[in-house]
Amino acid sequence: MAKLIYVMNVSLDGYIEDAGGAFAWFPRDDEVFAFTTDLLRSVGTFLYGRRLYEMMAVWETDASLGAQSDLTAEFARTWKAADKVVYSTTLAEVSTAATRIERRFDPAAVQQLKATAGSDITIGGADLAAQAIRAGLVDECQLLVWPTTVGGGKPGLPTGVRTDYALLGERRFDNGVVHLRYRLLGS
């Protein structure tokens, strides 16, 4: 069975975006970028909320991003190679290949996907991941914690739900970012 993995950049105070909706508080870093590409290379399917999908789709729709460097070219290849499922009630069509829209999050369908997938699945977007965590579907949580606080905004982990985690590993980067890898207990 494939694992469902929540991967997200978060501030030190636990937010994925600040109170104004911005997430530009974490600068690109080649070491972290290469690590993220390696992490996603083995993933066969990305599950996205609409906003995250629209942000990530540029890796396929804007060829200039992949042309910036060998690192960005590899990330673009990795991103394009995976299937994508976008959960949205408002998105009319997708702009990328190997992508489909689902109008609602269906835990049974995600469980079936996990049972039949040939490789791991990531889930992105805090609201979508919160639904999957509440449904007991997320196997791992991998956070890239950036050394900055934003003081409020959208939390990276769901509020109002108790979840226990077991630390599987951590990695420190020269820029102060820490990658934390947890298994969700009970899943």
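Structure's up top.
Residues numbered from 1 in each chain as written. Predicted model: local features only at pLDDT ≥ 70, side-chain atom pairs only at ≥ 80, totals over all residues. Heavy atoms only, no water.

Peer 1: So what exactly am I meant to see when it comes to the packing of aromatic side chains here?
Peer 2: Two aromatic rings, taken as a pair, are described by how far apart their centres are and by the angle between their planes. Counted according to the given criterion, the structure contains nine aromatic pairs. With 5.9 Å between their ring centres and 40 degrees between their planes, Phe33 and Trp59 make a pair best called tilted. Residue Phe33 is found in helix α1 (residues 30–41), and its partner Trp59 is found in helix α3 (residues 58–61); the two are separated by 26 residues along the sequence. Residue Phe33 shares its accessibility class with Trp59, and that shared class is buried. For the ring pair Phe33 and Phe75, a centre distance of 5.3 Å and an interplane angle of 40 degrees mean the geometry is tilted. (Phe/Tyr/Trp six-rings, centres within 6.5 Å; stacked < 30°, edge-to-face > 60°. Helix = DSSP H or I, 4+ residues; strand = E, 2+ residues; numbered from the N terminus. Buried < 20%, exposed > 50% of the residue type's maximum accessible area, 1.4 Å probe, protein only.)

Peer 1: What is the right way to look at empty space enclosed by the protein in this model?
Peer 2: A water-sized probe, rolled over the atoms, reveals where empty space remains. With the rule as written, the count across this model stands at one cavity of 30 Å³ or more. By volume, the largest cavity is sized at about 30 Å³. Looking at the largest cavity, the residues that line it are Val7, Phe35, Thr36, Leu39, Gln142, Leu143, Leu144 and His179. Counting only elements with at least two residues in the lining of the largest cavity, the list comes to α1 and β7 (140–146). Here the lining of the largest cavity is built from residues that sort into five nonpolar, three polar and no charged. (1 Å grid on protein atoms, 1.4 Å probe; cavity = no way out; pocket = protein on both sides within 12 Å on 5 of 7 lines; lining within 4 Å. Points joined across faces, edges and corners; volume = space filled by probe spheres on them. Nonpolar A, V, L, I, M, F, W, Y, C, P; charged D, E, K, R; others polar.)

Peer 1: Explain the nonpolar core to me, please; I cannot follow it from the model alone.
Peer 2: Side chains of nonpolar character tend, in soluble globular proteins, to be buried together. Leu4, Tyr6, Leu47, Trp79 and Ile123 are the most contacted members of the largest nonpolar core, which totals 42 residues. Broken down by element, the residue count for this core peaks at five residues, all from helix α7 (residues 126–134). Not counting the four nearest positions on each side in its chain, Tyr6 is found in contact with Ile16, Ile123, Gly125, Ala126, Ala129, Ile133, Val138, Glu140, Cys141, Gln142, Gly156 and Leu157. Core analysis: the second largest hydrophobic core is formed by seven residues, Trp25, Val32, Trp146 and Phe173 among them. (Core = buried A, V, L, I, M, F, W, Y, C linked by side-chain atoms within 4.5 Å. Contact = heavy atoms within 4.5 Å.)

Peer 1: So what exactly am I meant to see when it comes to the environment of Ala34 here?
Peer 2: Its place among the elements puts Ala34 in helix α1. The class for Ala34 is partly exposed, based on a relative accessible area of 25%. It is 13 Å that separates the C-alpha atoms of Ala34 and Trp79, two residues lying 45 residues apart in sequence.

Shape is all these values report; function is a separate question.
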